[in-house]
Amino acid sequence: MSASDAPQAAPQPQAASSQLTKKLQKALTLRIDSQASRDALKCLSGFFTENTVHTRRNLRSSIEGESLLLHKEFVNSFGALER
């Protein structure tokens, strides 16, 4: 068994704390007043109409489903041009 095949040990509490600290610092340094952030939140609000556990859990699949529909429309539009 090589070193890369060996099971990974659970992260040490200090390492986990360090990772959490980095994530918190990154979140706190985000510029939510920038135009790009406002545009992203406005776009997201179309998918996220109510703040429930169900909608939060299904947000990714909702966005992926919308993306799939847009891609299908794009392909169908080009299919009409080929005819």
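On a predicted model such as this, the values are computed, not experimentally measured, just so you know. (Residues numbered from 1 in each chain as written. Predicted model: local features only at pLDDT ≥ 70, side-chain atom pairs only at ≥ 80, totals over all residues. Heavy atoms only, no water.)

(A) Focus on the overall build of the protein chain. The secondary structure content of the protein chain amounts to four helices and zero strands. Per-residue burial for the protein chain yields a buried fraction of 2% across its 83 residues. Taken as a whole, the protein chain presents about 7900 Å² of accessible surface, with 59% of it coming from carbon and sulfur. (Helix = DSSP H or I, 4+ residues; strand = E, 2+ residues; numbered from the N terminus. Buried < 20%, exposed > 50% of the residue type's maximum accessible area, 1.4 Å probe, protein only. Areas by Shrake-Rupley, 256 points an atom, 1.4 Å probe, with all protein chains shown as cover.)

(B) Geometry of the confidence of the model for the protein chain. Across the protein chain, the average pLDDT comes to 80, with 84% of residues at 70 or higher. For the protein chain, per-element mean pLDDT is lowest for helix 1 (residues 13-28), which scores 83, and highest for helix 4 (residues 59-82), which scores 88. (pLDDT = per-residue confidence, 0-100.)

(C) Spotlight on a nonpolar patch on the surface. A contiguous nonpolar surface patch, about 450 Å² in accessible area, is contributed by F74, V75, F78 and L81. Counting through the fold element by element, L81 comes out in helix 4. A relative accessible area of 65% means that L81 is categorised as exposed. (Patch = residues over 30% accessible without salt bridge, like charges linked within 9 Å, V, L, I, M, F, W, Y side chains within 5 Å. Salt bridge = Lys/Arg side-chain N within 4 Å of Asp/Glu carboxyl O.)

(D) Layout of the packing of aromatic side chains. Counted according to the given criterion, the structure contains one aromatic pair. Here the aromatic rings of F74 and F78 are separated by 4.8 Å at their centres, their planes lie at 65°, and the arrangement is edge-to-face. Of this pair, F74 and F78 both sit in helix 4, four residues apart, which is roughly one turn of the helix. (Phe/Tyr/Trp six-rings, centres within 6.5 Å; stacked < 30°, edge-to-face > 60°.)

(E) Quick peek at the environment of R60. Summarising the element assignment, R60 is placed in helix 4. Since its relative accessible area comes to 64%, R60 is described here as exposed. With 13 residues separating them along the chain, R60 and F47 place their C-alpha atoms 9.4 Å apart.

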